[in-house]
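# Working through the structure, step by step
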Amino acid sequence: MSMMRNGLLALLSVIVLIPCICEAGTGTRLPVQQELPNILWLTSEDNSPMLGCYGDPLATTPSLDKLAEAGFLYTHAYANAPVCAPSRNTIITGVYACSAGNENMRSYYSKSAIIRLLPEYLREKGYYCTNNDKQDYNFAKVESDGWNESSKSAHYKNRKPGQPFFAVFNCGISHESCLHRPDSSVPRHDPAKVQLPPYHPDTKAIRTDWARYYDYIEKMDAWVGDKLKELDEAGLSENTIVIYYGDHGGVLPRSKRYVYETGTRIPFIIRIPEKFKKLYPAAAPGSKIDRLISLVDLLPTMLSIADIPVPGYLQGHAFLGPSRTADPSYVHMFRGRMDERIDMSRAVRDKQYRYIRNYLPYRIYGQHIGYLWKAPSMRSWEAEYVAGRCNEVQSRFFRPKPVEELYDTEKDPWEVNNLAGKPAYQAVLLRMREENSQWMKEIRDAGFIPEGEVKRISDKQPVYDYMRSGQQPVDELIAVSDLANFATAKDIFKLTQSLKSTNAVIRYWAANGLLQLGEDAKYAVASLETALTDASADVAITSAEALYKLGHTAEALPVLLQSLNNPEIMVQLHALNVIDNSCRRDEQVIKAVSAVVEKQKVKRNEYISNISEWILNKP
């Protein structure tokens, strides 16, 4: 008996001593292995914070409201791009898509080997990584996308016993396509109770789309509830950090695709188990966090949570864990080509103001996009405008954009009162303008490069690498784009000199400047005519548009029509954008565009088909 007692005492002494094992001869306690948290992402598509927990009185979202009560709700969370593919590119890489030539919607250019995907880092740490199932990363296929599983059946339950997991589940219920389906049923949410934004005319179709979208938000909320219940029933809730967010804003007209609050502000809620309370962003769950965050921050934050060093090339800021940074003063957004429509805008947001810079202000926001126009609300808005029933605020969407926009989002949450020209706000305007320029320099923004040139570059090397090779002087690109946007007649000499640059991108922006000058550019006709034979098709097309608007159609139109036969799709698309926006539908145009439509029957490109058919059939 005494031998058994002595044996038990010896065993207990070993157990007690295990946590206190010291390094021999130092008296220093060895580090204890930390348990890694599971990480679950629940991602919804295309929705702004239309949730009860965000104060929306019409929303029916009990699951997400409960999640917010048990977690932390971020009040100033943003997508960096207002549409899925560039946004998801930014999320999975931790690099702004416009920094790597991937800002344009569905543009499959190559990825730099420097840039790694989030699951690659986590798998090296021992995580089982699953994606169910949307990727849409907006770059060419790479050898490995980094996941253990990426499919409609991918699930964390397939991991090894005890293995930590990183699992993504994507909800498409709230995707904009939900409003494209014919539906004669009465929405569950009352259209009469919808508070329409001032830029929307009050029509039955618009109210119905708003109300019906609240119905889909309710269904999305139920999906979240099912995923959380599944986690709980598996006994994993106490070991799993849950993050819910929207991939960008939307989805009613003038939200998705546009760098306003409605297009970029997203819901973002994170629930952290008590055992990982050292990661809490505030003292207690249920708190609202006003730190500015954006989706480019997700990758470095996940690395920080998993105790993985954050590489220096990443462009976001960790907002949790040991690598957490100081609260940033700004978040940044970008807009490039949206489906078949070419555009370029950048936005900067602090906690009060939003600054928007429109680099192609002569292109209206309301350019016809085939997919967007499937929504009854979008067609209704356009019909009201065409009929002359829209007021000044509602009409702006279909008119040329200002170069700069500035909004006080606290006083003007719908962003309809542009403060950019008001003397009282000049200090704010200049501060935000400078921040935008500095950010573009810092990330080496590739959005200045027209897409025909992007394709040529990416055939040789990834655009991210190209922008860091010294071949493209970003400071000069910013300077010439500033000149283009703010030029007056006295700047014609500078623009014509830039039109002779050895750099095709500088020539492109010089041509843009002359285009924006309108009639004042008549003194540059000779320079524009010379540029019609430019080695860069984008320069020639932009110069042709400037000449066409000056009345030199005989010289300009052949260049545009010939560009429709260019082997590069993005060059054809550029020419079609110009033809639609600036050219009369005369016999030559109809014949040339009809030929494009015929070719599309053999080898179809969605964007070429959409804009060509629109040109032929628009009212």
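Treat the numbers as computed from the prediction; the structure is a model and nothing was measured. (Residues numbered from 1 in each chain as written. Predicted model: local features only at pLDDT ≥ 70, side-chain atom pairs only at ≥ 80, totals over all residues. Heavy atoms only, no water.)

Once that is clear, we can look at the overall build of the protein. When helices and strands are tallied, the protein shows 21 helices and 12 strands. Rg of the C-alpha trace for the protein: 27 Å, near the compact-globule value of 25 Å for 619 residues, within the 12% margin. Considering only residue pairs separated by 6 or more positions, the protein has 72% of its internal contacts joining residues 24 or more positions apart. Total accessible area on the protein is roughly 25,600 Å²; 53% of this is exposed by carbon and sulfur atoms. Taking the average location of the 74 positive side-chain charges in the protein and that of its 74 negative ones, the two points are 1 Å from each other. (Helix = DSSP H or I, 4+ residues; strand = E, 2+ residues; numbered from the N terminus. Rg over C-alpha atoms; globule rule 2.2 N^0.38 Å. Contact = heavy atoms within 4.5 Å. Areas by Shrake-Rupley, 256 points an atom, 1.4 Å probe, with all protein chains shown as cover. Lys, Arg positive; Asp, Glu negative; His and termini not counted. Charge placed at Lys NZ, Arg CZ, Asp CG, Glu CD.)

Strand order in the open sheet made by the 4 strands is β9-β10-β11-β12, with antiparallel pairing throughout. In this open sheet, the two edge strands, each paired with only one partner strand, are β9 (331-335) and β12 (404-408). Geometrically, the sheet is characterised by an average inter-axis angle of 15° between neighbouring strands, direction not taken into account. Bridge count between strand β10 (residues 345-349) and strand β11 (residues 353-358): 5 bridges; the pairing is antiparallel. Following the sheet pairing, R346 is matched in β11 by R357. The strands that helix α13 (residues 474-486) touches are β11 and β12; relative to β11, the one it contacts most, it runs at about 90°. (Pairing = 2+ DSSP bridges. Axes fitted to C-alpha atoms, helices over the stretch in contact; angles between N-to-C directions.)

This brings us to the packing of aromatic side chains. One pass over the full model with this rule turns up 29 aromatic pairs. Judged by centre distance (6.0 Å) and plane angle (80°), the ring pair of Y199 and W414 falls under edge-to-face. Remark: W414 occurs in the loop between β12 and α10 (426-443) and Y199 occurs in the loop between β5 (165-171) and α5 (204-233); sequence separation between them is 215 residues. Residue Y199 is classed as buried on the basis of its relative accessible area, which comes to 2%. Owing to a relative accessible area of 29%, W414 belongs among the partly exposed residues under this scheme. When the centroid spacing of 6.3 Å and the interplanar angle of 70° are considered together, the rings of Y353 and Y425 count as edge-to-face. (Phe/Tyr/Trp six-rings, centres within 6.5 Å; stacked < 30°, edge-to-face > 60°. Buried < 20%, exposed > 50% of the residue type's maximum accessible area, 1.4 Å probe, protein only.)

The next point concerns α5. Counted at 1.5 Å a residue, the expected span for α5 with its 30 residues is 44 Å, and the 44 Å between its end C-alpha atoms agrees. Of the residues flanking the end of α5, it is G235, one or two places downstream, whose phi is positive at about 70°. (Expected span 1.5 Å × (residues − 1).)

Turning next to the sheet that holds strand β8 (residues 288-294). The 8 strands are arranged β4-β3-β5-β1-β6-β7-β2-β8 in an open sheet whose pairing can be described as mixed. On the outer flanks of this sheet lie β4 (149-150) and β8, each paired with one strand and no other. Relative to strand β7 (residues 268-271), strand β6 (residues 240-246) runs antiparallel, the two being bridged by 4 bridges. Along β7, the bridge assignment pairs Y244 with I269. Along the sheet face, helix α2 (residues 62-70) touches β2 (72-78), β6 and β7 and points at about 55° away from the line of β7. α5 rests against β1 (38-44), β5, β6 and β7 of the sheet, and its axis sits at about 165° to β1.

Let's shift gears to unusual backbone geometry. In this model, N132 is joined to D133 through a cis peptide bond whose omega is -15°. Here D133 shows up in the loop between β3 (128-132) and β4. Of the consecutive residues G250 and V251, the connecting peptide bond is found in the cis state with omega at 10°. Tracing the chain through its elements places V251 in the loop between β6 and α6 (261-264). Notably, E415 is not glycine yet its phi reads approximately 55°, a positive angle. Structurally, the position occupied by E415 is in the loop between β12 and α10. Of note in this structure, R444 is not a glycine but carries a positive phi near 55°. Considering the arrangement of structural elements, one finds R444 in the loop between α10 and α11 (451-458).

Taken together, the side chains of D226, E230, D232, E233, E238 and E274 define an acidic patch exposed on the protein surface. Positionally, D232 belongs in helix α5. (Patch = residues over 30% accessible without salt bridge, like charges linked within 9 Å, V, L, I, M, F, W, Y side chains within 5 Å. Salt bridge = Lys/Arg side-chain N within 4 Å of Asp/Glu carboxyl O.)

This brings us to the pairing of β7. Burial along β7 is two-sided: F268 and I270 and I269 and R271, pointing in opposite directions, are all buried. With 2 bridges connecting them, β2 and β7 associate as antiparallel partners. Counterpart to L73 in the pairing with β7 is I269.

Our focus in this paragraph is the side chain of R207. Tracing the chain through its elements places R207 in helix α5. With relative accessibility at 18%, the residue R207 sits in the buried group. The contact partners of R207, leaving out residues within four places of it in the chain, are P191, A192, V194, L196 and D202.

Between its first and last C-alpha, helix α17 (residues 537-549) extends 18 Å over 13 residues, near the 18 Å set by a 1.5 Å rise per residue. In terms of burial, α17 is largely enclosed, as 11 of its 13 residues are buried. Phi turns positive, to about 95°, at G551, one or two residues after α17.

So, on to the nonpolar core. Core analysis: the largest hydrophobic core is formed by 191 residues, its most contacted members being W41, Y74, F166, F268 and W509. The element that contributes the greatest number of residues to this core is α5, accounting for 12 residues. Setting aside anything within four residues of it in sequence, one finds F268 in contact with Y54, F72, L73, Y74, A77, I243, Y244, Y245, I293, L298 and F319. The next biggest cluster of nonpolar side chains, apart from the first, holds 10 residues, and it includes L419, V428, L429 and M432. (Core = buried A, V, L, I, M, F, W, Y, C linked by side-chain atoms within 4.5 Å.)

Taken as a whole and assessed by the stated rule, the structure comprises 37 salt bridges. With a closest N to O distance of 3.1 Å, K401 and D343 form a salt bridge. Of this pair, K401 sits in the loop between α9 (392-395) and β12 while D343 sits in the loop between β9 and β10, and the two are 58 residues apart along the sequence. We note a salt bridge from E415 to R354, for which the minimum N-O separation is 2.9 Å. Taken together, the residues span a long stretch of sequence, with E415 in the loop between β12 and α10 and R354 in strand β11 at a distance of 61 residues.

Residue placement: T240 occurs in strand β6. Among the polar contacts listed, one links the side chain of T240 to the side chain of N38, at a separation of 3.3 Å. Among the polar contacts listed, one links the side chain of T240 to the backbone oxygen of L236, at a separation of 2.7 Å. The contacts of T240, once residues within four sequence positions are left out, are N38, I39, L40, F165, L231, R271 and P273. (Polar contact = N/O pair within 3.5 Å; in protein donor to acceptor, adjacent residues only side chain to side chain.)

Among the 5 residues of β9, 5 are classified as buried, and the element is accordingly described as predominantly covered. Burial along β9 is two-sided: the residues V331, M333 and R335 and H332 and F334 are all buried. In this structure, β9 lies alongside β10, joined through 5 bridges in antiparallel fashion. What sits directly across from V331, in β10, is R349.

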